[in-house]
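A closer look at the structure
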Amino acid sequence: MRDVIKASIVLATGLSVAACGGVDLGGRDRPDEFAVQRQAPLVVPPDFELTPPVPGAPRPTDGTAAQQALEALFPAMERSEVEKSALRSAGNAAPGIRSTVGDPETHSVDKGEATRTILAAPEGDGQAARAVIPG
């Protein structure tokens, strides 16, 4: 019984070592660890004009979430002369313009039969769509 256990252990060890034969540990594609250079540590210069914050006071530079979102979407940068000219000629929009646009009394330009057909088309994924060329 002991010989069978010893033989199975030797056989299992041999199979395990044989299975590792296809692994190339020395020639794999990896960075050379001896070619890595250390970067100089970051140094923060002292700023002696800073004062410690008052506990419970709002943070001065954070602003509201809406302000942070606007700053992320539209960063403050210098506008070109063309953009400045376009903004000057556009003028200011009326404060309630978005409510006025959806009003049924607001008159809009009729774009024709093609636009009405597109707007009246049933909603779908486009799999059954087809193009018809009139004429």
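What you see is a predicted model; the values in this text were computed from it and never measured.

Let us look at the overall build of the chain. When helices and strands are counted, the chain shows 5 helices and 0 strands. Secondary structure of the chain in N-to-C order comes out as α-α-α-α-α. For the chain, with 135 residues in total, the buried portion stands at 0%. Split by element, the accessible area of the chain, about 14,000 Å² in all, is 61% carbon and sulfur.

So, on to the pattern of salt bridges. This structure, assessed with the given rule, holds 2 salt bridges. Residue Lys84 is joined to Glu81 by a salt bridge in which the shortest nitrogen-to-oxygen separation is 3.6 Å. One end of the pair, Lys84, and the other, Glu81, are both in helix α3 (residues 81-90), 3 residues apart, so they sit about a helical turn from each other. Measuring nitrogen to oxygen at the nearest pair gives 3.4 Å for the salt bridge that ties Glu113 to Arg116. Placement of both Glu113 and Arg116 in helix α5 (residues 113-120) is noted, with a separation of 3 residues, approximately one turn of the helix.

Take the layout of surface pockets next. Looking at the largest pocket, its volume works out to about 220 Å³. In terms of lining residues, the largest pocket is bounded by Thr117, Ile118, Ala121, Pro122, Glu123, Gly124, Asp125, Gly126, Gln127, Ala128 and Ala129. Class assignment for the residues of the lining of the largest pocket results in 5 nonpolar, 4 polar and 2 charged.

A word on the confidence of the model for the chain. Per-chain confidence: the chain averages 76 in pLDDT, with 88% of residues scoring 70 or above. Element-level mean pLDDT values for the chain span from 72 in helix α4 (residues 97-101) up to 86 in α3.

Rules used in this analysis
Residues numbered from 1 in each chain as written. Predicted model: local features only at pLDDT ≥ 70, side-chain atom pairs only at ≥ 80, totals over all residues. Heavy atoms only, no water. Helix = DSSP H or I, 4+ residues; strand = E, 2+ residues; numbered from the N terminus. Buried < 20%, exposed > 50% of the residue type's maximum accessible area, 1.4 Å probe, protein only. Areas by Shrake-Rupley, 256 points an atom, 1.4 Å probe, with all protein chains shown as cover. Salt bridge = Lys/Arg side-chain N within 4 Å of Asp/Glu carboxyl O. 1 Å grid on protein atoms, 1.4 Å probe; cavity = no way out; pocket = protein on both sides within 12 Å on 5 of 7 lines; lining within 4 Å. Points joined across faces, edges and corners; volume = space filled by probe spheres on them. Nonpolar A, V, L, I, M, F, W, Y, C, P; charged D, E, K, R; others polar. pLDDT = per-residue confidence, 0-100.

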